[in-house]
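# Remarks on the overall topology
Chain residues, written in single-letter form:
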Amino acid sequence: LVGVYTNRHGERWELQLKGSGKTPYSRNGDGRAVLRSSVREFLCSEAMHYLGIPTSRAASLVVSDDDVWRDQFYNGNIKKERGAIVLRLAKSWFRIGSLEILAHSGELDLLRRLLDFIIQEHFPSIAMNDSNRYLEFFSTVVSETANLISLWMSVGFAHGVCNTDNFSVLSITIDYGPFGFMDSYDPNFVPNTSDDERRYKIGNQASVGQFNLSKLLQALKPLLDPRQQQLASQILKGYGEHYYSRFTELFKTKLGLLGENENDNYLIAFLLKVSLL
């Protein structure tokens, strides 16, 4: 994270470098990025923005003189590639994993401070003196995550690695890695060649979103009283209805269907099935 920039419209953006090397939190990787993946992230994040889908943005791409060694197809054939660095922007880079790791390590005071910061900075509709603010936060993330994945599905976008570290608490598309767009409808489409189990196939994205939200609830539970925990569980159960409603709305728009008709859902399902033939 380079810093925070406020533009002339008063919009606040967090600037982050991808591919600049190891950070204090690096694991086993080298922290570098290759030119091909950097170009893909730049182009796709900008395309998603203009498709009206919440996303990080790309500001610049710089080609590096460093050689980066990568196994592009995960088949043991390691090749030297040109490195690159992308300057990317988002309203926030906090992820579900940012909260999950603090709860897992028992750092509850820090978890509470971080949550309050996120709510104060990015959820202005939630009052900081509201005793249910964490519950309101969770409810918003649940509904907005359902909306985001519905939008992904409406354009045939498969993220490729939908773990909790790649899911934004602001429900924006972040961390473009082995993503892909379907050329034709296939619920088993997997853009990630290393995903042998098809865990993150495009047809699983909605259910994986619910799984990640369950991990968020698990992280929040130490800060919720028993009544709030019960209400939060009910909110999570409503995720599927949120998703299905938004998915149907988007596909009706694509088909030019007006008003409400009990056969609309049947028609959408039928046309998707026809696409498989």
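Every chain is numbered independently, its residues counted from 1 as its sequence is written. Local features in a predicted model are, by the rule used here, given only for residues with pLDDT of at least 70; side-chain atom pairs are given and counted only at 80 or more, and totals for whole chains, interfaces and linings are based on all residues. For the side-chain quantities, the full set of heavy atoms in the structure was used; hydrogens and water were omitted.

The name given to the chain in an unreviewed UniProt entry is Selenoprotein O, and the organism recorded there is Leiothrix lutea. UniProt positions are given in the numbering used here, feature names are shortened, and annotations may be inferred rather than shown by experiment. In its Sequence similarities (unreviewed entry) section, UniProt records this for the chain: "Belongs to the SELO family." Database annotation for the chain, UniProt heading Cofactor (unreviewed entry): "Mg(2+)".

We now examine the domain arrangement of the chain. Each domain's limits were defined by an automated method or a database of domain assignments. Under the domain assignment, the chain is made up of domain 1 (3-90) and domain 2 (96-255). Here the C-alpha centre of domain 2 lies 22 Å away from the C-alpha centre of domain 1. Each partner contributes to the interface: domain 1 provides 19 residues, whereas domain 2 provides 19 residues. Two parts placed together each lose some accessible area under a 1.4 Å probe, and the buried area is that loss summed for both. With both chains or domains summed, domain 1 and domain 2 bury close to 1,500 Å², and 61% of this area falls on carbon and sulfur atoms. What counts as a salt bridge is simple: a side-chain nitrogen of Lys or Arg found within 4 Å of a carboxyl oxygen of Asp or Glu. At the junction of domain 1 and domain 2, the tally comes to two salt bridges. As a salt-bridge pair, E121 and R12 come within 3.6 Å of each other at their nearest N and O atoms. Side-chain atoms alone can form a polar contact between residues adjacent in sequence; in general such a contact is a pair of N or O atoms within 3.5 Å, and within protein one must be able to donate a hydrogen while the other accepts it. Here domain 1 and domain 2 share eight residue pairs in polar contact (both at pLDDT 80 or more) between them. Among the elements that take part in the side of domain 1 that touches domain 2, helix 1 (residues 35-50) stands out by supplying five residues, more than any other. Residue contacts are counted whenever heavy atoms from the two residues lie within 4.5 Å of one another. Secondary structure counts use DSSP, requiring at least four H or I residues in a row for a helix and at least two E residues in a row for a strand, with both numbered from the N terminus.

The final tally for this structure, using the stated rule, is 16 salt bridges. Taking the shortest distance from any N to any O, the salt bridge between D67 and K80 comes out at 3.9 Å. Note that D67 is positioned in strand 3 (residues 57-70) and K80 in strand 4 (residues 79-90), a separation of 13 residues in sequence. With a shortest N-O distance of 3.6 Å, K252 and E260 are connected by a salt bridge. Residue burial is assigned from relative accessible area. The probe radius is 1.4 Å, only protein chains are included, and a residue is buried under 20% of its type maximum, exposed over 50%, and partly exposed in between. By relative accessible area, E260 is classed as exposed at 76%. What you see here is one network of salt bridges that share partners, running through K18, E41, R88, R95 and D175.

Fitted lines through C-alpha atoms give the axes, limited to the stretch in contact for helices. The angle between two N-to-C directions lies from 0 to 180 degrees. At a minimum axis distance of 8 Å, the contact between helix 2 (residues 96-104) and helix 3 (residues 108-122) shows a crossing angle of 160°. When the axes of helix 2 and helix 3 are compared, the pair comes out roughly antiparallel. Crossing handedness for the pair helix 2 and helix 3: left-handed. Contact with helix 2, carried on its side by S98, L99, L102 and A103, involves L108, L110, L111, L114, L115 and I118 of helix 3 and no other residues of that element. Any residue that is not Ala, Val, Leu, Ile, Met, Phe, Trp, Tyr, Cys, Pro, Asp, Glu, Lys or Arg is counted as polar, Gly included; the first ten are nonpolar and the last four charged. Tallied by class, the residues present in the contact of helix 2 with helix 3 amount to nine nonpolar, one polar and no charged. Oblique is the label for every angle not falling under 35 degrees (roughly parallel), over 145 degrees (roughly antiparallel), or within 65 to 115 degrees (roughly perpendicular). Helix crossings fall into two classes, left-handed where the near helix is turned counterclockwise from the far one by less than a right angle and right-handed where it is turned clockwise.

All right, on to the packing of helix 4 (residues 133-154) against helix 7 (residues 239-255) then. At their nearest, the axes of helix 4 and helix 7 sit 8 Å apart, and the two run at 35° to each other. Between helix 4 and helix 7 the crossing geometry is right-handed. On helix 7, the residues touching V142, S143, T145, A146, N147, I149, S150, L151, M153 and S154 of helix 4 are Y239, H242, Y243, R246, F247, L250, F251 and K254. For the contact of helix 4 with helix 7, a count of residues per class yields ten nonpolar, six polar and two charged.

Let us now look at the packing of aromatic side chains. Working definition: rings of Phe, Tyr and Trp (its six-membered ring) pair if their centres are within 6.5 Å, and the pair is stacked with planes under 30 degrees apart, edge-to-face with planes over 60 apart, and tilted otherwise. Evaluated as defined, the whole model comprises eleven aromatic pairs. A centroid spacing of 6.1 Å and a plane angle of 65° characterise the contact between F157 and Y176, whose relative ring orientation is edge-to-face. Of this pair, F157 sits in strand 5 (residues 157-158) while Y176 sits in the loop between strand 5 and strand 6 (180-181), and the two are 19 residues apart along the sequence. With respect to class, F157 is no different from Y176; both count as buried. Two limits define a charge over a ring: the Lys NZ or Arg CZ must be within 6 Å of the ring centre, and within 35 degrees of the ring normal. Above the ring of W13, the side-chain terminus of K91 is found at 4.1 Å from the ring centroid. The cationic tip of K254 hangs over the ring face of F251; the distance from NZ or CZ to the ring centre is 5.9 Å.

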